[in-house]
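Letter by letter, the chains look like this.
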2 protein chains.
Amino acid sequence: MYEVEVKVAAELATVARRLDDLGATRTGDVVQVDTYYDAPHREFAETDEALRVRRETREGETQARITYKGPLVEAESKTREEHETGVAEGETADAIFEKLGFSPAATVEKDREFYRYDGYTVTLDSVEGVGEFVEVETETDENGVEAAREGAYAVLRELGLDPDEQTRTSYLGMLLENTS
Amino acid sequence: MYEVEVKVAAELATVARRLDDLGATRTGDVVQVDTYYDAPHREFAETDEALRVRRETREGETQARITYKGPLVEAESKTREEHETGVAEGETADAIFEKLGFSPAATVEKDREFYRYDGYTVTLDSVEGVGEFVEVETETDENGVEAAREGAYAVLRELGLDPDEQTRTSYLGMLLENTS
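Residues numbered from 1 in each chain as written. Chains lettered and ligands numbered in written order. Predicted model: local features only at pLDDT ≥ 70, side-chain atom pairs only at ≥ 80, totals over all residues. Heavy atoms only, no water.

Concerning the pairing of strand S8 (residues 131-140) of chain A
All names here are of chain A.
Part 1 of the argument: Counting buried residues along S8, 7 of its 10 residues qualify, which places the element largely inside the surrounding structure.
Part 2 of the argument: Relative to S8, strand S1 (residues 2-9) runs antiparallel, the two being bridged by 8 bridges. Paired with Glu5 across the bridge in S8 is Glu137.
Part 3 of the argument: Pairing analysis gives 7 bridges linking strand S7 (residues 120-127) to S8, with the strands arranged antiparallel. Within S8, the position partnered with Leu124 by the bridge is Val134.
Part 4 of the argument: Connecting S7 to the next strand, S8, in antiparallel fashion are 3 residues, including Gly129 with a positive phi near 75°. (Buried < 20%, exposed > 50% of the residue type's maximum accessible area, 1.4 Å probe, protein only. Helix = DSSP H or I, 4+ residues; strand = E, 2+ residues; numbered from the N terminus. Pairing = 2+ DSSP bridges.)

Things to note about the interface of chain B and chain A
Where interface size is given, it is often the accessible area lost as the parts come together that is meant.
Part 1 of the argument: Opposite the 25 residues of chain B that make contact, chain A presents 25 residues.
Part 2 of the argument: It is Ile96, Lys99 and Leu100 of chain B that lose the most area in chain B upon contact with chain A, and together they represent 31% of the buried surface on that side.
Part 3 of the argument: Where chain B touches chain A, the interface holds 2 salt bridges.
Part 4 of the argument: The partner of Lys99 of chain A in a salt bridge is Glu81 of chain B, with the nearest N and O atoms 3.1 Å apart.
Part 5 of the argument: Seen at the junction of chain B and chain A, the total is 12 residue pairs in polar contact (both at pLDDT 80 or more). (Contact = heavy atoms within 4.5 Å. Buried area = accessible area lost by both parts, 1.4 Å probe. Salt bridge = Lys/Arg side-chain N within 4 Å of Asp/Glu carboxyl O. Polar contact = N/O pair within 3.5 Å; in protein donor to acceptor, adjacent residues only side chain to side chain.)

Digging into helix H3 (residues 90-99) of chain A
Part 1 of the argument: Listed in full, the buried residues belonging to H3 of chain A are Gly90, Thr92, Ala93, Asp94, Ile96 and Phe97 of chain A.
Part 2 of the argument: Looking at the residues trailing H3 of chain A, positive phi occurs at Gly101 of chain A, about 105°.

Things to note about the packing of aromatic side chains
Part 1 of the argument: Enumeration according to the criterion identifies 8 aromatic pairs over all chains in this entry.
Part 2 of the argument: Consider the rings of Phe97 of chain B and Phe102 of chain B, whose centres lie 5.8 Å apart with planes at 70°: the pair is edge-to-face. Phe102 of chain B matches Phe97 of chain B in its accessibility class, with the two residues each being buried.
Part 3 of the argument: Consider the rings of Phe133 of chain B and Tyr171 of chain B, whose centres lie 5.3 Å apart with planes at 55°: the pair is tilted. One end of the pair, Phe133 of chain B, is in strand S8 (residues 131-140); the other, Tyr171 of chain B, is in helix H5 (residues 171-179), and 38 residues separate them in sequence.
Part 4 of the argument: The exposure class of Phe133 of chain B is buried, given its relative accessible area of 7%.
Part 5 of the argument: Above the ring of Tyr171 of chain A, the side-chain terminus of Lys7 of chain A is found at 4.1 Å from the ring centroid. (Phe/Tyr/Trp six-rings, centres within 6.5 Å; stacked < 30°, edge-to-face > 60°. Lys NZ or Arg CZ within 6 Å of the ring centre and 35° of its normal.)

Looking at the relation of the copies chain B and chain A
Part 1 of the argument: At an RMSD of 0.1 Å, chain B and chain A line up after a rotation of 180° and a shift of 0.0 Å along the axis. Given the turn and translation reported, the copies of this chain are related as if by a two-fold rotation axis. For chain B, the residue whose C-alpha comes nearest the rotation axis is Val87 of chain B, separated from it by 2.2 Å.
Part 2 of the argument: An overlap of 100% is found between the interface residues of chain B and their copies at the interface of chain A, pointing to a shared contact surface. (Least-squares fit on C-alpha atoms with pLDDT ≥ 70 in both.)

Quick notes on the nonpolar core
A general tendency of soluble globular proteins is for nonpolar side chains to be buried together.
Part 1 of the argument: Core analysis: the biggest nonpolar cluster contains 28 residues, and Phe97, Leu100 and Phe102 of chain A together with Phe97, Leu100 and Phe102 of chain B have the highest contact counts within it.
Part 2 of the argument: Breaking this core down by element, the ones donating at least two residues are strand S3 (50-58), strand S4 (61-74) and H3 of chain A together with strand S3 (50-58), strand S4 (61-74) and helix H3 (90-99) of chain B.
Part 3 of the argument: If near-sequence neighbours (up to four positions away) are discounted, Phe97 of chain B is found in contact with Phe97 and Leu100 of chain A together with Tyr37, Leu51, Val53, Ile66 and Phe102 of chain B. (Core = buried A, V, L, I, M, F, W, Y, C linked by side-chain atoms within 4.5 Å.)

Here's the deal with the pattern of salt bridges
Part 1 of the argument: Tallied over the full model, the rule gives 28 salt bridges over all chains.
Part 2 of the argument: Between Asp29 of chain B and Arg26 of chain B there is a salt bridge, and its shortest N-O distance comes to 3.3 Å.
Part 3 of the argument: Exposure remark for Arg26 of chain B: the relative accessible area of 44% places this residue in the partly exposed category.
Part 4 of the argument: When salt bridges that share partners are traced, they join Arg52, Glu56, Arg58, Arg65 and Glu84 of chain A into one network.

Let's talk about the environment of Thr14 of chain A
Residues and elements named next belong to chain A.
Part 1 of the argument: Counting through the fold element by element, Thr14 comes out in helix H1 (residues 12-22).
Part 2 of the argument: Taking the C-alpha atoms as reference, Thr14 lies 9.0 Å from Gly160; in sequence the two are 146 residues apart.
Part 3 of the argument: For Thr14, the side chain forms a polar contact with the side chain of Glu11, separated by 2.3 Å.

Some words on unusual backbone geometry
Part 1 of the argument: Not every positive phi belongs to a glycine, and Asp48 of chain A is a case in point at roughly 60°.
Part 2 of the argument: Its place among the elements puts Asp48 of chain A in the loop between helix H2 (44-47) and S3.
Part 3 of the argument: Here Asp48 of chain A falls in the partly exposed class, since its relative accessible area comes to 31%.
Part 4 of the argument: Its identity as a non-glycine residue notwithstanding, Glu59 of chain B has a phi of 50°, on the positive side.
Part 5 of the argument: On the secondary structure map, Glu59 of chain B appears in the loop between S3 and S4.

Things to note about the side chain of Lys110 of chain B
All names here are of chain B.
Part 1 of the argument: Following the sequence through the fold, Lys110 ends up in strand S6 (residues 103-117).
Part 2 of the argument: You can call Lys110 buried: its relative accessible area is 5%.
Part 3 of the argument: With near-sequence residues (within four places) excluded, Lys110 lies in contact with Val30, Val31, Gln32, Asp34, Arg54, Asp125, Ser126, Val127 and Tyr171.

Here is the structure:
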């Protein structure tokens, strides 16, 4: 299964109105606060790995999980090895990593609003200290990647956005660029 | 709060009969499988730290948790800084630590049977590759430590065991001694 995802900077209030006009279904919203860690024995920026503790609040309930992302195994599809599990207490997970010598490198905080439109998930992301973005994504098998990408571009155009302005930089990458 | 704990090697079948004779209450049992990790950047044996992923099975339900134990902060009471949280998937926690460069150093597997007697928790531990042990423990405030320890010795004597034979070595320590 491949995830096709296109992201562009956008003014969210305008896009939300456009989604309403198009009859898109709003499916939920979430606040995600992600703490990324530096390792004591490796440069994650060089090894292309990441260690994250995420806190996600949905309908007043906060859940935490820890995630390890390995380097790209396939550049074209941006596929990574990923290991993720829920944890009962996010603060304790933070404490364990810090005691082991990992140090919090950056915190990415974002409000996400999810819509469903034309077979795609459209996410309106307001990222603290970074800006506002729209992500259009769907899943497909290997043979459907090109068509899925074209479809995502079409959705962006319907929302008044330009697919040529897409960015591949992660929010963490943007945040680190802004602060460095 | 202080935990007073005395541990001696014992033949468990004999101790179980004695507990029955004394009218002790059997309160449950559990299987614990603990994987201890070595760190890629520190010698935990030297820093007196430990990182553990525990799987505990009780009444057919298995739960996992990760625990960091820091060095002794007070030698007399054997007090350590400890951070522990449940995780949804123990295998994923293992995978995350291994991807980060931690390596499984030893696995301690034990069956534990719990009894309640005379204000103490009496635990019958059968530790794979190590042997059989009885632990007598209770919690107390700072002023009660000496009396609690004397009480634990008295319980051991009632069980036909000799407090002078107590061991302070952890099961992990015993396992590593047996295999080295």
